[in-house]
Amino acid sequence: MQGRHELIARYGGPAPRYTSYPTANLFGPIEPGDTREALRTAGPDFRVYVHTPFCQKLCWYCGCNTVIRRDLDVGESHVDHLLAELDLLRPDLPAGARIRRLDMGGGTPNFLRPDALERLVHGIEAVLEPSDDREYASEIDPRTVKNAHLQTFLDLGFRRFSLGVQTLEPVVQEAVNRQMPRDRPGEIVRFLRRGGATSINFDLMVGLPLQTTETLDRTLGTVLDIAPDRLAVFQYAHIPSMRPAQKLLERVGLPDMAARDALMQHAVERLTQAGYTRIGFDHFAQKSDPLAVAQREGRLGRDFQGFTTDDHMDLIALGPSAIGRLGDLYTQNQRDPGLWAEHVAAGRLPVLRGWHLSADDKRHAALIHALMCRHRVRWADVGFTAAELSDRLERLAPFLEDGLVALSEEGLDVLPAGRDFVRQIAAIFDFYLTNPNAHASVA
Ligand code: SF4
């Protein structure tokens, strides 16, 4: 049995987050006709994801597909293009198509002016009938959101909000170029709750420059006073080869792997002591929150929004880089906002790539999903036999030796000590990761 530091050194390397299986980097060419065909047999209830890639100021840790613009007018044409994209899909929507869930993400959804938000949501509802039990959710940038935005969201029926808080420490904020007053998230939450918001999530980040257990603890103290319903605590991912701005963080210095782990452990301890249930590996929810209930009842799902209670609905994705799922088809839009807009303006579906899920993909997805969401899998439940998985089970030997998993003829359990490494354990069952040449022949 290894100590924590040895385990981190041994297993703490990068592994997919499995918000989809196969992971989106494997998606290959598909035809716009594939999307149209999948749409015709999907629904009639839909989730819609809308991506607004614009932000006013770059956070130096940013790993998202974002475009920095100060000119808010660009939001007006963005809404034009989003509605035009939905219009291109309209002829293939099934009869009685309804919207049951809307998620706005980015970038920054509140980059759009309040009247543009209104035009967008009303435009979507003119095509997809809003269901009585609809749930609308949006990410919020606390630095730039105005009360007029918040009121507009509330008036449009949004009740779930996710605030990108990350850190409230001025010295850390300065180091990552993301400044906001310590009391702003609390003000926003009070405004939203007074207006009827039912679910507030905070995103926090660990592993940032100058972050210490003490500074993290101060942020957590303020956050716990506000008592969001949910929290996500993400580990900063340093990939300056893909995100050159991240190099700026190296000037100040980044915590090493052991220090990052200590920060994460501290967050887990503080939040669970405060009564939050740990969901999966990096989410937390109050005990009565639907996410915590779903986890207790074995119904937790996972999709591009992270852990969720409803990953079963067909997903229409609008906006650059957005990923949708219609039946067994994943579709991803053009990543470049200019190219995406060009396609839409020319009347072409802005599809960049996608993936047709095979029967074998679906049983691998079910296996990985069970590990990520329930920390246990029974082979028969996901269509495998132990014999079929023998080569992969052999690769679990070090995890078994280190007391991170328990293996039986029937299945696999991730033990509490292995929970932090569930992504690395799941990756052993990723057919395309373990057979890198295989995807070229099927993509
Ligand atoms: S607000 Fe989010 S998407 Fe925008 S720059 Fe900051 S981290 Fe990136």
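Residues numbered from 1 in each chain as written. Predicted model: local features only at pLDDT ≥ 70, side-chain atom pairs only at ≥ 80, totals over all residues. Heavy atoms only, no water.

Caption draft 1: Quick peek at the nonpolar core. In terms of nonpolar packing, the biggest core is built from 70 residues, with Leu102, Leu128, Phe161 and Ile316 touching the most fellow members. Per element, the largest residue contribution to this core is 6 residues, and it comes from helix 4 (residues 114-127). Discounting residues that sit within four places of it in the chain, Leu102 has contacts with Val48, Val50, Val121, Ile124, Glu135, Tyr136, Ala137 and Phe158. Counting 47 residues, the second largest nonpolar core, distinct from the first, contains Phe27, Met372, Leu389 and Ala426. (Core = buried A, V, L, I, M, F, W, Y, C linked by side-chain atoms within 4.5 Å. Buried < 20%, exposed > 50% of the residue type's maximum accessible area, 1.4 Å probe, protein only. Helix = DSSP H or I, 4+ residues; strand = E, 2+ residues; numbered from the N terminus. Contact = heavy atoms within 4.5 Å.)

Caption draft 2: Highlighting helix 3 (residues 74-89). Compared with the 22 Å implied by 1.5 Å per residue over 16 residues, the 23 Å span of helix 3 between its first and last C-alpha is a close match. Within helix 3, the full set of buried residues consists of Val74, Gly75, His78, Val79, His81, Leu82, Glu85, Leu86, Leu88 and Leu89. (Expected span 1.5 Å × (residues − 1).)

Caption draft 3: Spotlight on the pattern of salt bridges. Across all of its chains, the model carries 34 salt bridges by this definition. Across the pair Arg17 and Asp282 runs a salt bridge whose closest N-O atoms are separated by 2.6 Å. Of this pair, Arg17 sits in the loop between helix 1 (4-11) and helix 2 (32-40) while Asp282 sits in the loop between strand 9 (276-279) and strand 10 (283-286); the two residues are 265 residues apart in sequence, bridging distant segments of the chain. Assessed through its relative accessible area of 32%, Arg17 is described here as partly exposed. Take Asp282: its relative accessible area is 3%, and that puts it in the buried class. In this structure, Arg392 and Asp391 form a salt bridge, with 3.9 Å as the shortest nitrogen-oxygen distance. Its relative accessible area of 9% is what places Arg392 among the buried residues. Exposure remark for Asp391: the relative accessible area of 43% places this residue in the partly exposed category. Within the structure, one salt-bridge network assembled from shared partners comprises Asp73, Glu76, Asp80, Arg113 and Arg119. (Salt bridge = Lys/Arg side-chain N within 4 Å of Asp/Glu carboxyl O.)

Caption draft 4: Main features of the sheet that holds strand 19 (residues 411-414). Taken together, 3 strands build an open sheet; the order of strands is 17-19-18 and the sheet is antiparallel. Each end of this open sheet is capped by a strand with a single partner; those strands are strand 17 (376-378) and strand 18 (405-407). Adjacent strand axes in the sheet meet at a mean angle of 10° when their direction is disregarded. Sheet topology note: the strand 18/strand 19 ladder contains 3 bridges and is antiparallel. Directly across from Ala406, in strand 19, lies its bridge partner Asp413. Sheet strands in contact with helix 13 (residues 359-374) are strand 17 and strand 19, and its direction is about 145° off that of strand 17. (Pairing = 2+ DSSP bridges. Axes fitted to C-alpha atoms, helices over the stretch in contact; angles between N-to-C directions.)

Caption draft 5: The packing of helix 3 against helix 12 (residues 337-345), seen in detail. Running from N to C, helix 3 and helix 12 point in directions that differ by 50°, and their axes come no closer than 9 Å. By the criterion of interaxial angle, the relationship of helix 3 to helix 12 is oblique. With respect to the hand of their crossing, helix 3 and helix 12 are arranged in left-handed fashion. Together, His78, His81, Leu82, Ala84, Glu85 and Leu88 of helix 3 and Trp340, Ala341, Val344 and Ala345 of helix 12 make up the contact between the two elements. The class makeup of the residues in the contact of helix 3 with helix 12 is 7 nonpolar, 2 polar and 1 charged. (Parallel < 35°, antiparallel > 145°, perpendicular 65-115°, else oblique. Left-handed = near helix turned anticlockwise from the far one by under 90°. Nonpolar A, V, L, I, M, F, W, Y, C, P; charged D, E, K, R; others polar.)

Caption draft 6: Examining the side chain of Arg392 more closely. Relative to the elements of secondary structure, Arg392 occurs in helix 14 (residues 390-394). Other than its neighbours up to four places away in sequence, Arg392 contacts His364, Ile428 and Phe429.

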